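# Overview (structure and organization)
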Amino acid sequence: MDLVDPEFRYREGTKCLTIRWHERTGTPVPPDPTDSQWARIEDLLRSRCRPHHFRSPLDLRAALTGMLHRLRTGILWRDLPDRFGAPERVRFRQRTWLADGVWLEIVKLLNEEEMGTPVLSHAEGPEPAIRTALDTEPRPSRQDGPVNPAKIS
């Protein structure tokens, strides 16, 4: 059974639900889990999720680390490095955890030492600006009279 989200391609460029949740609640993105934290998260997942949740070929720890990486860096799902798993599977898992309330518990557990960082959305980057050689020369105003096309290089 393929877990590819049918909306994955069609919704690219829109803010994901998890980013919106972090922004709305002001919850910082926690650091990656330590071994002891991961053991606690795995216990949490086993208590809250059905057994088929763990039969997936997706490495849940790598997927969680990828989710956190994406939230901290603001990259798009399609740009998620392969070491975290297939982006559509990681995204599907994150949406499941958010909908089930597991994401909140994971974030609380990882933020116990309050070392989190603000979420970064890909829309928060600086506005792109394209500059050319023409931008360094003053533009002629209408008061200067007509522009001589022979002088424009």
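Please read all numbers here as calculations on a predicted model, not as lab measurements.

### A closer look at the overall build of the protein
For the protein, the count of helices and strands is 5 helices and 0 strands. Each helix and strand of the protein, placed in order from N terminus to C terminus, yields the pattern α-α-α-α-α. Buried residues in the protein amount to 33% of all 153 residues. Of the contacts formed within the protein by residues at least 6 apart in sequence, a portion of 76% connects residues at least 24 apart. In the form shown here, the protein has an accessible surface area of approximately 10,300 Å², with 53% of it arising from carbon and sulfur atoms.

### Structural notes on the environment of Pro28
Locating Pro28 in the fold gives a position in the loop between helix 1 (17-25) and helix 2 (35-48). Residue classification places Pro28 among the partly exposed residues on the basis of a relative accessible area of 32%. Separated by 91 residues in the primary sequence, Pro28 and Val119 have C-alpha atoms spaced 6.3 Å apart. Setting aside anything within four residues of it in sequence, one finds Pro28 in contact with His22, Val107, Asn111, Gly116 and Thr117.

Cut-offs and rules
- Residues numbered from 1 in each chain as written.
- Predicted model: local features only at pLDDT ≥ 70, side-chain atom pairs only at ≥ 80, totals over all residues.
- Heavy atoms only, no water.
- Helix = DSSP H or I, 4+ residues; strand = E, 2+ residues; numbered from the N terminus.
- Buried < 20%, exposed > 50% of the residue type's maximum accessible area, 1.4 Å probe, protein only.
- Contact = heavy atoms within 4.5 Å.
- Areas by Shrake-Rupley, 256 points an atom, 1.4 Å probe, with all protein chains shown as cover.

Keep in mind that these numbers describe shape and distance, not what the molecule does.
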